[in-house]
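Take a look at the letters that make up each chain.
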Amino acid sequence: MSPEARARLLDYVRGQNSTGFLVIRDGRVLVEANWPAPAADRAFAAFVHGRARDGALLVDVASAQKSFVSVLVTMAADKRLVDLDAPVSRYIGQGWSRASPAEEARIRVVDVLTMSSGLDKSFGYAAPAGTVFSYNTPVYAVAKRILVASAKRPLDAITRDWLTAPLGMRDTAWRKRPAAFAEVGNDSGLVTSPRDMARFGGMILNRGVAENGKRIVSEKGFAAMFARSAVNPAYGRLWWLNGSAYVIGPRGRRDGPLVPAAPADMVAALGAFDNQLYVVPSRGLVVVRTGAAAPDKNFDQQLWQHLMDMVR
């Protein structure tokens, strides 16, 4: 590891409104730093929930939560509580959307996980299920309702007993979001710390196995989470995937991989304010960044250029 490249990386990340940054390679911490929240960013202040035991800020990691829910739904399938090919209405009843009964009946749980429900953000019919990728947070939130209905337990209890306790994640919990954020259609935020994010990422790096050797997700379920979907090669089941020929993102399609500077096998949980978890199996890397929105609009690319300079 180049000390000069490490210093440049830290300088860059610090200057991008970051509050937490952690790089782990093959189980060894290469970089760890925590900073105060930007004082002038009032929007981000609503996403901060105190401090973790190690002093790092506890942050609602926005849409990075989707990848945690992907694991929980996969675990529910492993437990035979959910059939991913079954219609959503089997678990939460008919009339959950504004589509016709026939159209709604064709929307499967897996279509929610791959952002191909065919619904718009007001739950109206827009396309046949499973045919078009459309990044849709309100419809994604239905996955949490499916979990609760199928397990017949609160989301907090499911998350604690199935995931965070087995992984030793002591600073992670669901929190009700302020009413001002209700328009995003997802009223609960996952609040966590960089260290807890890294523990989750370590399980992903180990293909569904916790640090203590306990299998969290079945091998079959794990592989399915990261299979490129038919509607977007840069997306699996609520996970972003690098190395594809094109990406369909929240703002449309563009050519090239998700992050050209990153290794092709990188997978990522990505959230607003650039709250990110990256896992790179070929390099043994887990990278966590939390904080307010980065002013550099090319943040992911620049971050990975710095990272690859450091670990090359």
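For the structure, check the block above.
What you see is a predicted model, and the numbers here were worked out from it, not measured in a lab.

K.L.:
Explanation requested: helix 12 (residues 299-311) in the structure shown.
P.N.:
Turn by turn, an α-helix covers 3.6 residues, leaving residues three or four places apart pointing in a common direction. Across its 13 residues, helix 12 extends 18 Å between first and last C-alpha, which sits within 8% of the 18 Å expected from 1.5 Å per residue. All of the buried residues along helix 12 are F299, Q301, L303, W304, H306, L307, M308, M310 and V311. Looking at the packing, one finds that the buried side of helix 12 touches helix 1 (3-14), strand 1 (18-25), strand 2 (28-34), strand 11 (275-280) and strand 12 (285-291).

K.L.:
Any chance you could explain the pattern of salt bridges here in plain terms?
P.N.:
Pairing is possible between side chains of opposite charge, provided their charged atoms come close. Under the criterion given, the structure shown has eleven salt bridges. Note that D187 and K176 form a salt bridge whose closest N and O atoms lie 2.8 Å from each other. Here K176 lies in strand 5 (residues 173-176) and D187 lies in the loop between strand 5 and strand 6 (188-192), a separation of eleven residues in the sequence. Judged by its relative accessible area of 62%, K176 is exposed.

K.L.:
Looking at this structure, I do not really get unusual backbone geometry. What am I missing?
P.N.:
Most peptide bonds are trans, and most residues other than glycine sit at a negative phi. With a phi angle near 65 degrees, N17 is a residue other than glycine that sits in the positive phi range. Relative to the elements of secondary structure, N17 occurs in the loop between helix 1 and strand 1. Even without glycine at this site, L238 takes up a positive phi of about 65 degrees. Relative to the assigned elements, L238 resides in the loop between helix 11 (219-225) and strand 7 (240-241).

K.L.:
What is the right way to look at the sheet that holds strand 4 (residues 57-60) in this model?
P.N.:
Sheets are built from strands that pair by backbone hydrogen bonding, the pairs being arranged parallel or antiparallel. The four strands lie next to each other as 3-4-6-5, forming an open sheet whose pairing is antiparallel. Strands at the two margins of the open sheet, each flanked by one partner only, are strand 3 (48-51) and strand 5. Here the average twist between neighbouring strands, direction ignored, is 30 degrees. Summarising the sheet, strand 4 and strand 6 pair through two bridges and their orientation is antiparallel. Opposite D60, over in strand 6, you have V191 as the bridge partner.

K.L.:
What is the right way to read helix 3 (residues 65-78) from this model?
P.N.:
Here helix 3 spans 20 Å end to end across 14 residues, near enough to the 20 Å set by a 1.5 Å rise per residue. Where burial is concerned, most of helix 3 is hidden: twelve out of the 14 residues are buried. Turning to helix 3, its buried residues are Q65, K66, S67, F68, V69, S70, V71, L72, V73, T74, M75 and A76. Positive phi shows up at R80, right after helix 3, with a value of about 60 degrees.

K.L.:
Explain the packing of helix 8 (residues 142-151) against helix 9 (residues 155-167) here, please?
P.N.:
Each packed pair of helices is defined by two parameters, the angle between the axes and the distance between the axes. Where helix 8 meets helix 9, the axes come as close as 9 Å, and the angle between the chain directions of the two elements is 80 degrees. Taken together, the axes of helix 8 and helix 9 lie roughly perpendicular to each other. Where helix 8 abuts helix 9, its residues K144, L147, V148 and A151 lie against L155, I158 and W162. Grouping the constituent residues of the contact of helix 8 with helix 9 by class yields six nonpolar, no polar and one charged.

About the thresholds
- Residues numbered from 1 in each chain as written.
- Predicted model: local features only at pLDDT ≥ 70, side-chain atom pairs only at ≥ 80, totals over all residues.
- Heavy atoms only, no water.
- Helix = DSSP H or I, 4+ residues; strand = E, 2+ residues; numbered from the N terminus.
- Expected span 1.5 Å × (residues − 1).
- Buried < 20%, exposed > 50% of the residue type's maximum accessible area, 1.4 Å probe, protein only.
- Contact = heavy atoms within 4.5 Å.
- Salt bridge = Lys/Arg side-chain N within 4 Å of Asp/Glu carboxyl O.
- Pairing = 2+ DSSP bridges.
- Axes fitted to C-alpha atoms, helices over the stretch in contact; angles between N-to-C directions.
- Parallel < 35°, antiparallel > 145°, perpendicular 65-115°, else oblique.
- Nonpolar A, V, L, I, M, F, W, Y, C, P; charged D, E, K, R; others polar.

Don't take any of this as a statement about function, it's just geometry.
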